[in-house]
Amino acid sequence: MTTTTRLALAAAAFALLAPAAQAEPTKYPLTLQNCGETLIFDKAPASAVTVGQAATEILYSLGLGEKVKGTSVWFTSVKPEFKAINERVERLADNDPSFESVVNKRPELVAIQFLWHIGPEGIVGTRAQFHEMGIPTYALPADCVEKDNTVGRDGTRSALFSTATIHQGVRELAEIFDVKDKGDALVADLQKREAAAIERAKAAKREDTSAVFWFSSAEMNIDPYVAGRKGGPAYMMDKLGIKNVVESDEEWPVVGWETIAKANPTFIVVARMERRRYPADDVEMKLQFLKNDPVASQMDAVKNNRIVVMDGHAMDATMRTIDGIEVLAEALEKAGSAK
Amino acid sequence: MTVVAVHRPNVYASRLGRGALGFVVLLAAVVAGTCIGETPIPLTTVAQVLANKLLGAGYPLDPIDTGIIWNYRLPRAIVAACCGTGLAISGVVLQSLLRNALADPYLLGISAGASTGAVTVTIAGLGAGAVSMSLGAFIGALLAFLLVAGLAKAAGGGVSLQGTGQIVLAGIAGSQLFNALTSFIITKSANAEQARGIMFWLLGNLSGARWPDVWLAVPIALLGLLATIWYARALDAFAFGADQAAALGIPVRTTQVVLIGVTALVTAVMVSIVGSIGFVGLVIPHAARFLVGVRHGRLGPATAIIGAVFLIAADVLSRTIIPGQVLPIGVITALVGAPIFALILLRGRRTR
Amino acid sequence: MILRTKDLGWSVRGKAIVSGVDLAINEGETLGLIGPNGSGKSTLLKLLGGIRQPTRGAVSLQGRDIASMPRRKVAQIIAFLEQQAETTEAITVRDAVELGRTPWLGPLQPWSPEDDRIVADALRDTDMTGFEKRQWATLSGGERQRAHLARSLAQRPEILLLDEPTNHLDIQHQLSILQLVSSLPVTAVIALHDLNQALSCDRVGVMAGGRLVALGKPEDVLSVERVTAVFGVRASIITDPADGTRLFRFHSPS
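Keep in mind the model is a prediction, meaning the values are calculated, not measured.

**Re unusual backbone geometry**
- Note the cis peptide between tyrosine 28 of chain A and proline 29 of chain A, where omega equals -5°.
- Tracing the backbone shows proline 29 of chain A in the loop between α1 (2-17) and β1 (30-34).
- If you check the backbone angles, asparagine 264 of chain A has positive phi at about 50° while not being a glycine.
- On the accessibility criterion, asparagine 264 of chain A (24% relative accessible area) is partly exposed.
- At aspartate 127 of chain C, a position not held by glycine, the phi torsion is positive, near 65°.
- Mapping aspartate 127 of chain C onto the fold places it in the loop between α4 (113-125) and α5 (141-154).
- On the accessibility criterion, aspartate 127 of chain C (44% relative accessible area) is partly exposed.

In structure tokens form, the structure reads like this:
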């Protein structure tokens, strides 16, 4: 742990001290193994279409906004720093784009967040369909490394998610577009922030800290969707030494309030999102439920006001997972000082 | 006349006896549903909670345990019983009235309409938060039913045997239409779809049942049961078709309108509370016929009790079969219901 | 005049199935209705029983418009037995016959020993005693027909409307059923296929093309000429040397 931290810090410091290009330029043709497909690039793609907000935001972070010809599958507002560039890019669809709307942009790369959009059973299309038309597709490793998307509603991971897969996605996209410097700098920054958050949490940590991540519920009183023990939230808890009270390998299993209340976690992390499919999507409704439900209101976390509000998109395996780790570390600090 | 006078109290006594037996079985099922849950809570705790709440005993108890027993499990078991009764009774009424062994409460487009109503409120955002998903489902169910009934009437449905065929066909057409609307709304939804349990609620889920739901479900289930008992002889008379029912003094049109209306109301309310739980309305009436015969005087109450007990049992299974996780109850009813149905079919054939 | 119609008509989608029927049925008589397939006999019976609402004219039962009477009241007076009433329910003969008591029992009123007695009588009169526990699906066509008749009798009606009750019956049961009906103190209107059976009715009505073309005593109505005109067959009448009964004998038209 400490070694990693030091390395990360060193890398971050290095990146900050020497922002000028130190990494070698990408050598084309570039061959890449990506989620079961072999990709070969003769040159850096001149244009891209993104299917999934996480992929969109990585490309923006790498300064490739000008190359993005279309975006789709939005979960929440774009990060404030990308608002200006995003307004210049066409939004093909809020949700799933149609196959033709993607192809019609003649992109030289399609960057994918979730394989259930473009993948073996993709609702937009299979990757082979794009490859036949000479359009390479790149899927973020966070959705395929050690993950079986055929099991469970949102797939099931065989091993705990790690931000390493996010770093891998950033690095590989940077390599494809020949902006390795920017990729390395971005990864270093993410690692630095993560390490710092872990340090803060360690200082504030108490024994037997546990938590549940409540994403949403199909109806206000109904069993909620909570984070399983292999996804993004599980990683956050693992890194910060918090026990997840949910015992399921699915990404977002449905677990009864009875089980959650009996487990009585130290923290309840609730998702804030712009989606308004269910009443419980609204974070205010979640907080109200916790205060008013005859059982939930009796939980220690509610009584002692240890409810943490976190961006819902941070709970997915994205760059925003780091934001989540920071939010959680801060909550631990606050709870520690309150005590 | 004296003979009759002597005879009657016996009849009422035996009816009362059967009724009491049914009530005891039902009560036992509700208690079982309250004792068994996702997490182990000792039986003594359950008994103490019930004693505290019902008899005012002052046992000191963990508020979480009390809440789970009194505010989660008990209302959930009662709502499950009511839904089981309501759906099963609707099934028996429709099967007899339409003389179709495959009729079930969702035949009238109610389930499809409820789905459309639910997604209209939740996904398309109609009602802007003022309308709950349940209310949306209820409105959708009634609209779909009115459309189906209107279509059947326009197509010449009514007293005749062909008329009952029309309402079945109209129901199929209506269901298809509303299912298509649901898909349309989901596809056009305004926010990104995370595949996260799109239809979880629609597959049926009792976990949201609380006391306010009980106060809605109980009267509606009782309404269905009383209508079935009141119309038991009329339903018997439909055995040889609507014309013979009319010849036996049944006001066919009125009976059809009242019973189909009550069925639609009961189903729509139940669907709006718990989503559309399949197989109960289809299988339970057949199971009840297998046990008590085809006469509705017994069949109605027997169906009600079996339906209630079955759904409580299915709900308990759905909570306990995978520890720490809850399955949609519709999965359980189908998994258990389909083999039972097959068994009844096979045994029924042998006795013929 | 227990049952009477005035300019009675019923049409579906503009096509008249029954039209212009003026018929007065006397208390206690047995009226035979004959006519070829599709002549409107069954529909006329349904109109007489109030099962169908006439599109023209009206039916009066004991002087009251049948359409204005509660169904249950009508069913206490009229029993209507249609052709081919079938069921897929697993009911027993006893269940089926008990249905005949429906008009006499309120929704929550319990079954009485009197009802038991009436059902037993009906079973005995139709020679179905001992069949009580038999499943409907196991009955032969004739047995079903007799069980239906038992159900109608269990209604204790004043008027019996029977649509071809002797179909499916063997000759012995054909004769005994008709004899039973004529011996009951009821008014009966019977649609019949067999013209020789019609000859034993008090009066005979002849249906053709939805109209009542003749009505009267069998010997007046059932002439060789009319049978030829209505049924399209050649007929001759012969007399049974045993008892002097007249009998029809039929030949192909050409």
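Still more to cover.
**Re the interface of chain B and chain C**
- Counting residues at the interface gives 28 residues for chain B, matched by 38 residues for chain C.
- Both faces combined, the contact of chain B with chain C buries some 3100 Å², and carbon together with sulfur accounts for 58% of it.
- When the buried area of chain B at its contact with chain C is split by residue, Arg233, Phe240 and Leu248 of chain B rank highest and sum to 26% of it.
- Summed over the shared surface of chain B and chain C, the result is five salt bridges.
- Between aspartate 243 of chain B and arginine 52 of chain C there is a salt bridge, with the nearest N and O atoms lying 3.4 Å from each other.
- The interface formed by chain B and chain C holds 13 residue pairs in polar contact (both at pLDDT 80 or more) in total.

**Here we look at the sheet that holds strand β5 (residues 64-65) of chain C**
Residue and element names in this part refer to chain C.
- What the four strands build is an open sheet, ordered β2-β1-β4-β5; its pairing is antiparallel. Pairing within the sheet leaves two strands with one partner each, and these edge strands are β2 (15-25) and β5.
- Across two bridges, strand β4 (residues 56-61) lies against β5 in antiparallel orientation. If you follow leucine 61 over to β5, its bridge partner there is arginine 64.
- Relative to the sheet, helix α1 (residues 41-48) contacts β1 (3-12), β2 and β4, its axis offset from that of β2 by approximately 60°.

**Considering the pattern of salt bridges**
- Counting across every chain of the model gives 40 salt bridges over all chains.
- Between lysine 79 of chain A and aspartate 323 of chain A there is a salt bridge whose closest N-O contact spans 3.2 Å. In this pair, lysine 79 of chain A is assigned in the loop between β4 (68-72) and α3 (83-87) and aspartate 323 of chain A in helix α12 (residues 320-338), connecting sequence segments 244 residues apart. Note on accessibility: lysine 79 of chain A and aspartate 323 of chain A belong to one class, buried.
- For arginine 56 of chain C, the salt bridge identified is with aspartate 7 of chain C, shortest N-O distance 2.6 Å. Of this pair, arginine 56 of chain C sits in strand β4 while aspartate 7 of chain C sits in strand β1, and the two are 49 residues apart along the sequence.
- Looking at arginine 56 of chain C, the relative accessible area reads 51%, which means it is exposed.
- Each of the salt bridges in this network shares a partner with another, and the network as a whole consists of Asp236 and Arg295 of chain B together with Arg94, Asp95, Glu98 and Asp116 of chain C.

**Remarks on the UniProt feature "domain: ABC transporter" (unreviewed entry) in chain C**
- The residues that UniProt annotates with the feature "domain: ABC transporter" (unreviewed entry) are residues 3-234 of chain C.
- Here residues 3-234 of chain C runs as 33% helix and 26% strand, with 34 Å between its end C-alpha atoms.

**As for the state of the cysteines**
- Under the definition given, this model contains one disulfide over all chains.
- The disulfide bridge from cysteine 35 of chain A ends at cysteine 144 of chain A, spanning 1.8 Å between sulfur atoms. Judged by the sign of its S-S torsion, about -75°, the bond between cysteine 35 of chain A and cysteine 144 of chain A is left-handed. Taken together, the positions of cysteine 35 of chain A in the loop between β1 and β2 (37-41) and cysteine 144 of chain A in the loop between β7 (137-139) and β8 (147-148) put the pair 109 residues apart, joining distant regions of the chain.
- Looking at cysteine 35 of chain A, the relative accessible area reads 25%, which means it is partly exposed.
- Cysteine 35 of chain B takes part in no disulfide bond, and the closest cysteine sulfur, belonging to cysteine 82 of chain B, lies 19 Å away.

**Quick word on the UniProt feature "transmembrane region" (unreviewed entry) in chain B**
Residue and element names in this part refer to chain B.
- UniProt marks residues 20-37, 77-94, 106-128, 135-155, 214-232, 257-284, 296-314 and 326-346 with the feature "transmembrane region" (unreviewed entry), using the numbering shown here.
- When the span residues 296-314 is considered, its composition is 100% helix and 0% strand, and the gap between its end C-alpha atoms is 25 Å.
- Strand forms 0% of residues 326-346 and helix 86%; the C-alpha atoms that close the span are 32 Å apart.

**Brief notes about the domain arrangement of chain C**
Residues and elements named next belong to chain C.
- Domain annotation for chain C reports domain 1 (3-217) and domain 2 (223-254).
- The C-alpha-based centres of domain 1 and domain 2 are spaced at 27 Å.
- Contact residues are listed per partner, giving eleven residues for domain 1 and eight residues for domain 2.
- Carbon and sulfur atoms make up 78% of the area that domain 1 and domain 2 hide from each other, which totals about 760 Å².
- Contact with domain 2 buries area across many residues of domain 1, yet Leu195, Asn196 and Leu199 alone supply 58% of it, more than any other trio.

**Details of the sheet that holds strand β6 (residues 110-112) of chain A**
All names here are of chain A.
- Strands sit in the order β5-β4-β3-β6-β7 across an open sheet of five strands; the sheet is parallel. Each edge of the open sheet carries a strand with a single partner, namely β5 (91-93) and β7. The average undirected angle you get between the axes of adjacent strands in this sheet is 20°.
- Direction of pairing for strand β3 (residues 48-51) relative to β6: parallel, over a ladder of three bridges. Note on β6: the bridge partner recorded for threonine 50 is alanine 111.

Reading the values: rules and limits
- Residues numbered from 1 in each chain as written.
- Chains lettered and ligands numbered in written order.
- Predicted model: local features only at pLDDT ≥ 70, side-chain atom pairs only at ≥ 80, totals over all residues.
- Heavy atoms only, no water.
- Helix = DSSP H or I, 4+ residues; strand = E, 2+ residues; numbered from the N terminus.
- Buried < 20%, exposed > 50% of the residue type's maximum accessible area, 1.4 Å probe, protein only.
- Contact = heavy atoms within 4.5 Å.
- Buried area = accessible area lost by both parts, 1.4 Å probe.
- Salt bridge = Lys/Arg side-chain N within 4 Å of Asp/Glu carboxyl O.
- Polar contact = N/O pair within 3.5 Å; in protein donor to acceptor, adjacent residues only side chain to side chain.
- Pairing = 2+ DSSP bridges.
- Axes fitted to C-alpha atoms, helices over the stretch in contact; angles between N-to-C directions.
- UniProt positions renumbered as here; feature names shortened; annotations may be inferred.
- Disulfide = S-S within 2.5 Å.
- Domains from an automatic or database assignment.

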